[in-house]
Amino acid sequence: MSKSGAPRIDDPRDAPARASLVLASLIIVAAVANLNLSVANVALPAIGKAFDSSQTTLNLVAVGYSLGLAASVLYLGAIGDRHGRKLLLLLGVALSVPACLLAAYAPNDTVLVAGRILGGLSAGMAYPTTLALITALWAGPGRTKAIALWSALGGGISMLGPVIAGALLERFSWGSVFLVTLPLAVVALVMALLFVPAHATSRPNRWTTSAASCPSC
């Protein structure tokens, strides 16, 4: 609080300890979900040729990840709020590894669809939890900046997915596009384990509380 009674924009109580590392960890976790969401479409022609898949099956490959995410995001978010957001975050990132491997080395298109849905479930654990943790760990202008960075970088990373997938398909088989996020998932898992606080409670907005404590303001 400044001498004039106005809340400080750079108040350290509005951000967690090692805020830059915490935010970087959450953005990398979100990047795993963003990349996995966007890599499959480029590989659909190669997948259809490899398995002689019907158009319906290819549609399921394309939307399976989104389907798993949409079906689980609200329920799993509530579980995270009740039993621990960091735990759900770590489980989601860890589950993305076998989901990617299952999709990459699927022996048929049915297993591939299952791998994509499983990947969506892992994203349902991790992706919305990153935003919930930002909301809980930051307050005031710091929260706004953190959410802006999370959103901007997430959108940029998502757009890189098809570009990376296309480059891989020029040299490797279709399964390679589902392995893109494996190194990133390992980095995300380690950083989240080391830097994301185990317990996060929602911080009040300091602008609101300061005004409320001064009836004459």
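Parameters and conventions
Residues numbered from 1 in each chain as written. Predicted model: local features only at pLDDT ≥ 70, side-chain atom pairs only at ≥ 80, totals over all residues. Heavy atoms only, no water. Phe/Tyr/Trp six-rings, centres within 6.5 Å; stacked < 30°, edge-to-face > 60°. Helix = DSSP H or I, 4+ residues; strand = E, 2+ residues; numbered from the N terminus. Buried < 20%, exposed > 50% of the residue type's maximum accessible area, 1.4 Å probe, protein only. Core = buried A, V, L, I, M, F, W, Y, C linked by side-chain atoms within 4.5 Å. Contact = heavy atoms within 4.5 Å. Expected span 1.5 Å × (residues − 1). Axes fitted to C-alpha atoms, helices over the stretch in contact; angles between N-to-C directions. Parallel < 35°, antiparallel > 145°, perpendicular 65-115°, else oblique. Nonpolar A, V, L, I, M, F, W, Y, C, P; charged D, E, K, R; others polar.

Chemist: Outline the packing of aromatic side chains, supporting the account with residue identities and numerical values.
Modeler: If you walk through the whole model with that rule in mind, you get three aromatic pairs. Both rings, one in F51 and one in W174, keep their centres 5.4 Å apart while their planes meet at 70 degrees; by these two values the pair is edge-to-face. Pair noted here: F51 is in helix α2 (residues 40-51) and W174 is in the loop between α6 (140-169) and α7 (182-195), with a separation of 123 residues, a long-range link. A centroid spacing of 6.2 Å and a plane angle of 80 degrees characterise the contact between W174 and F178, whose relative ring orientation is edge-to-face. Note on accessibility: W174 and F178 belong to one class, buried.

Chemist: Pulling in residues and values, what's your account of the nonpolar core?
Modeler: By size, the foremost hydrophobic cluster in this structure holds 24 residues, and its most contacted members are L26, V29, L89, I134 and W138. At the level of elements, α1 (19-38), α4 (85-104), α5 (109-137), α6 and α7 are the ones that each hand at least two residues to this core. Considering every element that reaches this core, the biggest residue donor is α1, with eight residues. Within the second largest apolar cluster, 17 residues are counted, among which are L58, A62, A165 and V177.

Chemist: So what's going on with the environment of V22? Which residues, and what values?
Modeler: Among the structural elements, V22 can be located in helix α1. Judged by its relative accessible area of 0%, V22 falls in the buried class. Sequence separation between V22 and M191 is 169 residues, and the spatial gap between their C-alpha atoms is 8.1 Å. Discounting residues that sit within four places of it in the chain, V22 has contacts with P16, A17, L137, W138, F195 and P197.

Chemist: Give a detailed account of α4, specifying residues and quantitative values.
Modeler: Spanning 20 residues, α4 covers 29 Å between terminal C-alpha atoms, matching the ideal 28 Å at 1.5 Å per step. When α4 is considered as a whole, its buried residues turn out to be R85, K86, L88, L89, L90, G92, V93, S96, A99, C100, A103 and A104.

Chemist: How would you explain the packing of helix α3 (residues 55-83) against α4 if you had to name every residue and give the values?
Modeler: The contact between α3 and α4 brings their axes to 6 Å, and the two run at 135 degrees. Relative to α4, the element α3 is oriented oblique. Counted together, L76, G80, D81 and H83 of α3 and R85, L87 and L88 of α4 form the full contact between these two elements. Classifying every residue of the contact of α3 with α4 by side-chain character gives three nonpolar, two polar and two charged.

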